[in-house]
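The chain contents come next:
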Amino acid sequence: MTALPPQPDAPLDQLPDVRPGGLHGAALSEAEAPPERGPVRHRSPLPDVLRGLALLGILIVNVQDFAGFQVWTQGGLDRVVQVLTDIFANGRSISLFAMLFGWGAAGLLARQGVGTFLLRHAVLLMLGTVHFIFIWHGDIIANYALLAAALLLTARLTAPTLVLVAGALGAWWLGLGLLEWTAATVSETRLGRFANLQNFTPGMTYPEVLADRAGDFSTNLIGGSIYNGPWLVALFCLGAAAYRTGLLLRPHEHLPLLRRLTVWGWGLGLPLGILLAWLNTRGDYASGLLAIPVRMGGGLALALGYVGILGTLAAQDRLGRWKAFAASGRVAMSNYIAQSLVMTAVYYPYAGAQYGQWGAAAAVGLALVVGLAQLPLSAWVLRRWGMGPLERLVRALVYGGRSGSGEA
């Protein structure tokens with residue numbers, strides 16, 4: 001396990017939300033439902049709400065990379081904002097999205113077979129490649145699409161077995177991170193904190209930035225997939241287990257589990273978030289290493305806590321204003337790429353040239369403005385066209401001439 005830190009949070013492909021037979025609370029589980037070809041036409045609100053909320057969270061986390069500030073150098077209000085980001089968003093959003101990815105991919109595989117599964121993820125690999133090279137180096141869509149192949153091995157596994165596989169992979173990955181941190185603490189070498197930020201020079205042109213990203217792509221795709229692979233596949237397996245049980249589509253059947261997720265998720269996630277915030281005030285190499293497993297372990301815990309709370313509200317038909325996030329969740333890929341376009345236009349040297357000029361408070365403030373503005377904009381897009389532009393593109397490439405309401 002190397003010292004390379006995890007990539008920035010990033011969303012995933014649009015996930016099919018399936019109600020077997022189109023009936024809420026149907027007796028059949030998703031795995032038992034008859035296959036249905038073509039785009040999904042029936043939705044449950046909970047996955048979209050979770051996805052939309054996580055989309056805002058990933059922008060708040062990714063703004064550090066866009067803006068180019070170092071977390072451990074923040075002070076005053078900037079430090080307060082960074083602490084809140086670490087506790088409530090850092091690692092939480094990517095964990096939630098990765099689980100949703102596994103949930104949706106498992107549904108796609110069960111309903112539409114290996115051929116459509118592979119075609120869809122080939123399309124996502126293409127879109128992720130374009131995003132990385134032409135817009136932003138923090139893309140992880142391509143990594144998700146590549147690692148999705150591992151789910152082909154889990155198609156016949158039961159939910160308990162998937163949880164066991166996830167536990168084994170996750171414990172292995174976290175354990176390697178802790179071992180690396182232990183080795184760093186006993187080493188006589190004292191290194192500074194790694195930032196993993198881009199190395200821009202003033203006045204750098206778009207072709208120059210483009211050339212750098214194109215040269216880095218293969219290393220990012222292969223290296224990132226190898227480094228983050230065990231952890232991401234573990235999260236995919238947890239999502240697939242949720243699909244097997246109908247947790248997100250029929251939360252009213254799983255209230256005891258949702259309450260346990262709330263208690264244990266927040267009980268573990270909050271202390272680990274506070275530890276992460278403290279580690280991110282320190283500029284030494286060992287603290288940076290320890291922050292990786294703390295970020296992801298605590299991120300998973302609190303992500304499950306979010307699922308517990310929102311799942312309980314959904315089961316009681318009390319989502320209320322949280323439903324505003326559903327529209328954003330339905331066009332998550334279009335919103336994600338739009339976020340990259342807006343943020344690079346503000347910060348990158350070939351555009352707004354604000355890179356390295358903003359602290360955490362101003363950058364997160366901009367992220368909140370952009371992310372919250374996407375909620376009503378997404379609702380308008382859905383009313384006007386029924387889906388986002390990239391969702392329509394994916395649907396056309398995967399399903400061809402087959403039409404229908406809903407997303408691909």
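Residues numbered from 1 in each chain as written. Predicted model: local features only at pLDDT ≥ 70, side-chain atom pairs only at ≥ 80, totals over all residues. Heavy atoms only, no water.

Trainee: How would you sum up the overall build of the protein? Please name residues and give values.
Mentor: A count of helices and strands for the protein gives 12 helices and 0 strands. Reading the protein from its N terminus to its C terminus gives the helix and strand order α-α-α-α-α-α-α-α-α-α-α-α. For the protein, buried positions account for 57% of its 408 residues. By sequence separation, contacts in the protein at least 24 residues apart represent 86% of the contacts at least 6 residues apart. Put simply, the protein shows about 16300 Å² of open surface, and 67% of that area lies on carbon and sulfur atoms. (Helix = DSSP H or I, 4+ residues; strand = E, 2+ residues; numbered from the N terminus. Buried < 20%, exposed > 50% of the residue type's maximum accessible area, 1.4 Å probe, protein only. Contact = heavy atoms within 4.5 Å. Areas by Shrake-Rupley, 256 points an atom, 1.4 Å probe, with all protein chains shown as cover.)

Trainee: Run through the packing of helix α1 (residues 45–67) against helix α11 (residues 360–385), naming residues and quoting values.
Mentor: The interhelical angle for the contact between α1 and α11, taken along N-to-C directions, is 140°, at an axis separation of 9 Å. For the pair α1 and α11, the sense of crossing is right-handed. In contact with Leu55, Leu56, Leu59, Ile60, Val63 and Ala67 of α1, α11 contributes Ala363, Val364, Ala367, Leu368, Val370, Gly371, Leu372 and Gln374. (Axes fitted to C-alpha atoms, helices over the stretch in contact; angles between N-to-C directions. Left-handed = near helix turned anticlockwise from the far one by under 90°.)

Trainee: If you had to explain the layout of surface pockets to someone new, which residues and values would you point to?
Mentor: Space inside the largest pocket adds up to approximately 750 Å³. Along its surface, the largest pocket is lined by 36 residues, and Met99, Leu238, Leu261, Leu300 and Leu304 are the ones closest to its centre. Taken together, the elements giving at least two residues each to the lining of the largest pocket come down to α3 (92–134), α5 (159–186), α6 (206–245), α7 (255–279) and α8 (285–315). Residues of the lining of the largest pocket, tallied by class, amount to 28 nonpolar, 8 polar and no charged. (1 Å grid on protein atoms, 1.4 Å probe; cavity = no way out; pocket = protein on both sides within 12 Å on 5 of 7 lines; lining within 4 Å. Points joined across faces, edges and corners; volume = space filled by probe spheres on them. Nonpolar A, V, L, I, M, F, W, Y, C, P; charged D, E, K, R; others polar.)

Trainee: Could you give an account of the environment of aspartate 212, with specific residues and numbers?
Mentor: Among the secondary structure elements, aspartate 212 is positioned in helix α6. For aspartate 212, a relative accessible area of 41% corresponds to the partly exposed category. Taking the C-alpha atoms as reference points, aspartate 212 and asparagine 199, separated by 13 residues in sequence, lie 9.9 Å from one another.

Trainee: A description of a nonpolar patch on the surface should follow, citing residues and the corresponding values.
Mentor: On the surface, Met126, Val130, Phe134, Tyr206, Leu393 and Leu397 cluster together to form a nonpolar patch covering roughly 500 Å² of accessible area. Secondary structure elements with two or more residues in the nonpolar patch: α3 and α12 (389–399). Element by element, the count of residues in the nonpolar patch is highest for α3, at 3 residues. With respect to the helices and strands, the residue valine 130 is situated in helix α3. (Patch = residues over 30% accessible without salt bridge, like charges linked within 9 Å, V, L, I, M, F, W, Y side chains within 5 Å. Salt bridge = Lys/Arg side-chain N within 4 Å of Asp/Glu carboxyl O.)

Trainee: Describe the packing of aromatic side chains, and please don't skip the residues or the numbers.
Mentor: For the structure shown, the criterion picks out 17 aromatic pairs. Aromatic side chains tyrosine 144 and phenylalanine 236 sit 5.6 Å apart centroid to centroid with 75° between the ring planes, which places their arrangement in the edge-to-face category. Of the two residues, tyrosine 144 is situated in helix α4 (residues 141–147) and phenylalanine 236 in helix α6; the sequence distance between them amounts to 92 residues. Between tyrosine 347 and tryptophan 358 the ring centres are 5.1 Å apart and the planes differ by 80°, which places this aromatic pair in the edge-to-face class. (Phe/Tyr/Trp six-rings, centres within 6.5 Å; stacked < 30°, edge-to-face > 60°.)

Trainee: Give me the pattern of salt bridges: which residues, what numbers.
Mentor: Inspection of the entire model under this criterion finds 3 salt bridges. The residue aspartate 48 makes a salt bridge to arginine 51 at a minimum N-O spacing of 2.8 Å. Taken together, the residues aspartate 48 and arginine 51, both in helix α1 and 3 residues apart, mark about one turn of the helix. On the basis of relative accessible area, aspartate 48 is assigned to the buried category, the value being 3%. Using a relative accessible area of 0% as the deciding quantity, one classes arginine 51 as buried.

Trainee: Give me the side chain of arginine 92: which residues, what numbers.
Mentor: Tracing the backbone through its elements, the reader meets arginine 92 in helix α3. We note that arginine 92 is buried and unpaired, the nearest opposite charge coming from aspartate 86 at a distance of 7.4 Å. Those residues within four positions of arginine 92 in sequence are excluded, and the remaining contacts are Asp86, Ile87, Gly269, Leu272, Gly273, Leu276, Arg295, Gly298, Gly299, Leu302, Ala303 and Tyr306. (Lys, Arg positive; Asp, Glu negative; His and termini not counted.)

Trainee: Could you give an account of the nonpolar core, naming the residues involved and the relevant values?
Mentor: Of all hydrophobic cores here, the largest spans 101 residues; its most connected members are Leu50, Tyr144, Phe236, Leu248, Leu310, Met343 and Tyr347. When residues of this core are assigned to their parent elements, the largest contribution, 16 residues, is made by α3. Setting aside residues up to four positions removed in sequence, leucine 310 forms contacts with Leu46, Val49, Leu50, Leu53, Leu319 and Trp322. (Core = buried A, V, L, I, M, F, W, Y, C linked by side-chain atoms within 4.5 Å.)

Trainee: Can you lay out α1 for me, pointing to particular residues and giving the numbers?
Mentor: Compared with an ideal rise of 1.5 Å per residue, which puts 23 residues at 33 Å, α1 spans 33 Å between its outermost C-alpha atoms and is within 8% of the ideal. Of all 23 residues in α1, 21 are buried, a share of seventy percent or more. Looking one or two residues past α1, glycine 68 carries a phi angle of roughly 80°, positive in sign. (Expected span 1.5 Å × (residues − 1).)

Trainee: Explain α8 to me, and be specific about the residues and the numbers.
Mentor: With 31 residues, α8 extends 45 Å between its outermost C-alpha atoms, agreeing within 8% with the 45 Å of an ideal straight helix rising 1.5 Å per residue. Considering bend angle alone, the principal kink of α8 is centred on alanine 291 and spans about 25°; proline proline 293 follows within four residues of it. Taken from the residues just after α8, aspartate 317 is the one with a positive phi, measuring 55°. (Bend = angle between axes of the 7 residues up to and from the residue.)

Trainee: Before we move on, could you go through the packing of helix α2 (residues 77–88) against α7 and cite the residues and values that matter?
Mentor: At their nearest, the axes of α2 and α7 sit 7 Å apart, and the two run at 145° to each other. The way α2 lies across α7 gives a crossing that is right-handed. Between α2 and α7, the contacting residues are Val83, Asp86, Ile87 and Phe88 on the first element and Trp266, Leu270, Gly273, Ile274, Leu276 and Ala277 on the second. Partitioning the contact of α2 with α7 into residue classes produces 8 nonpolar, 1 polar and 1 charged.

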